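Descriptive structure summary
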Amino acid sequence: MSATPQLPPVAKLEQKTIVDMISRGKRIDDRGIENYRTITIEAGLIEKANGSAEVHLGKSRVLVGVKVQTGPPFPDTPDEGVLTVNAELVPLASPSFEAGPPSEEAIELARVVDRGIRESKAVDVKSLVLEKGKKVQVVYVDVYVLDHDGNLIDAAAMAALTALINAKVPKMEMKGDEVIVKSSHHPLPLNNYPVAVTFAKVNGTILVDPSLEEEQVMNARLTVTIDKNGRICAMQKGGQYGFTVEELKRAVGVAVQKAAENRTKILAVAKG
Amino acid sequence: MWLEKLPEHKTELIDSKGVRADGRKLDQLRPIKLEVGILDKADGSAYIEQGKNKILVAVYGPREAHPKHIALPDRAVIRCRYHMAPFSVDERKNPAPSRREHELSKVIRESLEPVVLTDLYPRTVIDLFVEILQSDGGSRCAGITGASLALADAGIPMRELVAACAIGKIEGKLALDLSDSEDKYGEADLPVAYVPNANLVTLLQMDGELTIEEFNKGLEMAVEACKTIHTMQREALKKKFREIKESVIEKEETEVVA
């Protein structure tokens, strides 16, 4: 069951300061309304993973590991490999995270990141088949939040894409019923580079890349995932309020521009 | 099996005359049936059929919060559970809630939060149960349409009814209110919930591939459809009270005769 969340208390004065500044076109961390915090991306930190990346988005930190293993395909897609995205909001990342089964926040995070990768057909799942209907490669994308200072969706989506580009997969062949793992490696075949851009609506102002404090006072949230061709491949609205039609149309336009900027940063690191 | 099998040749989603597999035009809704107040024990309830969707929604509350710690001091908590019956889809669905159902429970709740006057009932819970008895495309939207009727039926003060409808892209064309096979074999799905008087989109999700122009056009089509559904919702509510009124008058007349 999904229940209205108990937001951590933000001091009334702080809340008022944040909202007042935003309505004057300013933000408490001195950013512009449509500016991201500093983004740093690092690829390939976990040797035991096929691919990995860590993104710092301001003070938010998200680590993603990609593991490629083998398993059966889904019965309705016998000629496609499997892609799964999971997110862990580990308790070390925030006082509001608890150990235990995934919260709805974690499920939503994983599913929004998943939707961007899946719907843009970023991973070429057709190329992951070892034996049709029997054995395919399974790509596990595990999102690990290390420090939560807001906008986990964008940080996780950037880290996931970087980790996928970074991934090296051993060559695999079927010999009878067994999978033979060769010593040669190749990059994971990718067709697209989806990038998520998240907006928060605070008191009628739409801002890009909300920090944790801004998320705590926001009325609604919107994520738009843009593919390499400038098309929308996933969207998700969150929060207790809504957006007007005009606000949505404008946000989508901004998202295309912001996604292109962030994609350049990702590709520079991942392919560098 | 009622679900049309359309796998290999998805060109049949729209024929050469622009007619869809179920005979609809691109901007045409599936037949919708709305009923209000059909469960005995619930404080409010609604039943909705949209295409092959058959959905029951019940509202309990405002009632005491259990467990107590979830209560909020300044407003009612809304709790929502979207759940699919095991027999609602082709392959039996495990009744345990899936990740998809967790997510949909959240977005349905968030689509209704803006219209419910929760601050009138501090420390209480309003429970919303959306049971999908049979699933066709667009069950989350039909669920929202039904849920706001059930809330109104429970007499919970609301700013407005929320109506919802999906728009999608099939064979390169925008099409309203996707059916199951159109959702599955189409190129994009964009469910929208809309509050007409406030011009507020309270649910928006998307998967697939849309250009910016298609999105802008599609959003407008979905909003128009929501307005149509909104009128049907009001009519369904009125119908319930008209029937109550008529039954009372009838009863009084028989008493006078006796």
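In case you missed it, the structure is sitting above this.
Residues numbered from 1 in each chain as written. Chains lettered and ligands numbered in written order. Predicted model: local features only at pLDDT ≥ 70, side-chain atom pairs only at ≥ 80, totals over all residues.

1. A word on the overall build of chain A
- Counting its regular elements, chain A contains five helices and 13 strands.
- Across its three principal directions, the C-alpha atoms of chain A cover 70 × 40 × 35 Å. (Helix = DSSP H or I, 4+ residues; strand = E, 2+ residues; numbered from the N terminus.)

2. Points about the overall build of chain B
- Across its full length, chain B holds four helices and nine strands.
- Moving toward the C terminus, one meets the helices and strands of chain B in the order β-β-β-β-α-β-α-β-β-α-β-β-α.
- The C-alpha atoms of chain B give 20 Å as radius of gyration, which agrees with the globular expectation for 258 residues (18 Å, within 12%).
- In chain B, which comprises 258 residues, the proportion classed as buried is 49%. (Rg over C-alpha atoms; globule rule 2.2 N^0.38 Å. Buried ≥ 20, exposed ≤ 12 C-beta atoms within 10 Å, placed from the backbone.)

3. Some remarks on the nonpolar core
- Residues A:Val64, A:Val143, A:Ala156, A:Ala160 and B:Val192 are the most contacted members of the largest nonpolar core, which totals 145 residues.
- Ranked by the residues each element gives to this core, the list is headed by helix 3 (residues 152-166) of chain A, at 12 residues.
- Excluding its chain neighbours within four sequence positions, the residues that come into contact with A:Val64 are A:Ser52, A:Ala53, A:Val141, A:Asp142, A:Val143, A:Tyr144, A:Ala156, A:Ala159, A:Ala160 and A:Ala163. (Core = buried A, V, L, I, M, F, W, Y, C linked by C-beta atoms within 7 Å. Contact = placed C-beta atoms within 7 Å.)

4. Let's talk about unusual backbone geometry
- In this structure, the amide linkage connecting B:Gly61 to the following residue, B:Pro62, adopts the cis form with an omega of 5°.
- The topology assignment puts B:Pro62 in strand 3 (residues 53-64).
- Here the bond from B:His66 into B:Pro67 is cis, since omega is -10°, no more than 30 degrees from zero.
- Here B:Pro67 lies in the loop between strand 3 and strand 4 (77-84).
- In this structure, A:Asp209 is a non-glycine residue whose phi angle is positive, near 50°.
- Secondary-structure assignment places A:Asp209 in the loop between strand 11 (205-208) and helix 4 (212-217).
- The backbone of B:Glu171 sits at a positive phi, close to 45°, despite the residue not being glycine.
- By the secondary structure assignment, B:Glu171 is in the loop between strand 6 (163-170) and strand 7 (173-176).

5. Here's the deal with the interface of chain B and chain A
- Of the residues lining the interface, 35 residues belong to chain B; the matching set on chain A comes to 31 residues.
- Of all the secondary-structure elements, those providing two or more residues to the side of chain B that touches chain A are strand 4, helix 1 (99-112), strand 9 (200-210) and helix 4 (212-257) of chain B.
- No other element matches strand 9 of chain B, which puts 11 residues into the side of chain B that touches chain A.
- Split into classes, the residues belonging to the side of chain B that touches chain A amount to 17 nonpolar, eight polar and 10 charged.
- Inspection of the sheet shows strand 1 (residues 2-3) of chain A paired to strand 4 of chain B by two bridges, in the antiparallel sense. Along strand 4 of chain B, the bridge assignment pairs A:Ser2 with B:Cys80. (Nonpolar A, V, L, I, M, F, W, Y, C, P; charged D, E, K, R; others polar. Pairing = 2+ DSSP bridges.)

6. Comments concerning the environment of B:Ala142
Residue and element names in this part refer to chain B.
- Relative to the elements of secondary structure, Ala-142 occurs in helix 2 (residues 139-153).
- Sequence separation between Ala-142 and Leu-210 is 68 residues, and the spatial gap between their C-alpha atoms is 23 Å.
- Residues within four places of Ala-142 in sequence aside, it is in contact with Ile-48, Gln-50, Asn-53 and Ile-55.

7. Describing the sheet that holds strand 9 of chain B
- Reading across from one edge, 11(A)-10(A)-12(A)-13(A)-9(B)-8(B)-6(B)-7(B) is the order of the eight strands in this open sheet, with antiparallel pairing throughout. Since the sheet does not close on itself, it has two edges, and those belong to strand 11 of chain A together with strand 7 of chain B, each with one partner. Along the sheet, successive strands turn relative to each other by an average axial angle of 20°, direction set aside.
- When strand 6 of chain B meets strand 8 (residues 188-195) of chain B, the two strands line up antiparallel, connected through seven bridges. Its bridge partner lying in strand 8 of chain B, B:Cys165 is registered against B:Val192. (Axes fitted to C-alpha atoms, helices over the stretch in contact; angles between N-to-C directions.)

8. Quick word on the packing of helix 2 (residues 104-119) of chain A against helix 1 of chain B
- In contact at an axis separation of 9 Å, helix 2 of chain A and helix 1 of chain B are set at 105° when each is read in the N-to-C sense. The orientation of helix 2 of chain A with respect to helix 1 of chain B, classified from their angle, is roughly perpendicular. Contacts between helix 2 of chain A and helix 1 of chain B involve A:Glu104, A:Ile107, A:Glu108 and A:Arg111 from the first element and B:Arg99, B:His102, B:Glu103 and B:Lys106 from the second. (Parallel < 35°, antiparallel > 145°, perpendicular 65-115°, else oblique.)

9. Details of the environment of A:Leu109
Residue and element names in this part refer to chain A.
- Locating Leu-109 in the fold gives a position in helix 2.
- By C-beta crowding, Leu-109 is classed as buried, having 27 other C-beta atoms within 10 Å.
- A sequence separation of 20 residues divides Leu-109 from Leu-89, and the C-alpha atoms of the two residues are 9.5 Å apart.
- The residues touching Leu-109, leaving out its near neighbours within four places in the chain, are Ala-87, Val-143, Leu-152, Ile-153 and Ala-156.

10. Examining the pairing of strand 8 (residues 168-175) of chain A
Residue and element names in this part refer to chain A.
- Of the strand pairs in this sheet, strand 8 and strand 9 (residues 178-187) are connected by seven bridges, and their pairing is antiparallel. Among the inter-strand pairings, Pro-170 is bridged to a residue of strand 9, identified as His-185.
- The antiparallel pairing of strand 8 with strand 9 creates a hairpin that spans two residues between the two strands, and Gly-176 there sits at a positive phi of about 65°.

11. Regarding the environment of B:Gly155
- Topologically, B:Gly155 is positioned in the loop between helix 2 and strand 6.
- When the C-alpha positions of B:Gly155 and B:Cys80 are compared, they lie 17 Å apart, and in sequence the two are 75 residues distant.

12. Considering the sheet that holds strand 2 (residues 44-50) of chain B
- Strands sit in the order 1(A)-4(B)-5(B)-3(B)-2(B)-1(B) across an open sheet of six strands; the sheet is mixed. The open sheet has two free edges, formed respectively by strand 1 of chain A together with strand 1 (32-36) of chain B, since each of these has just one partner strand.

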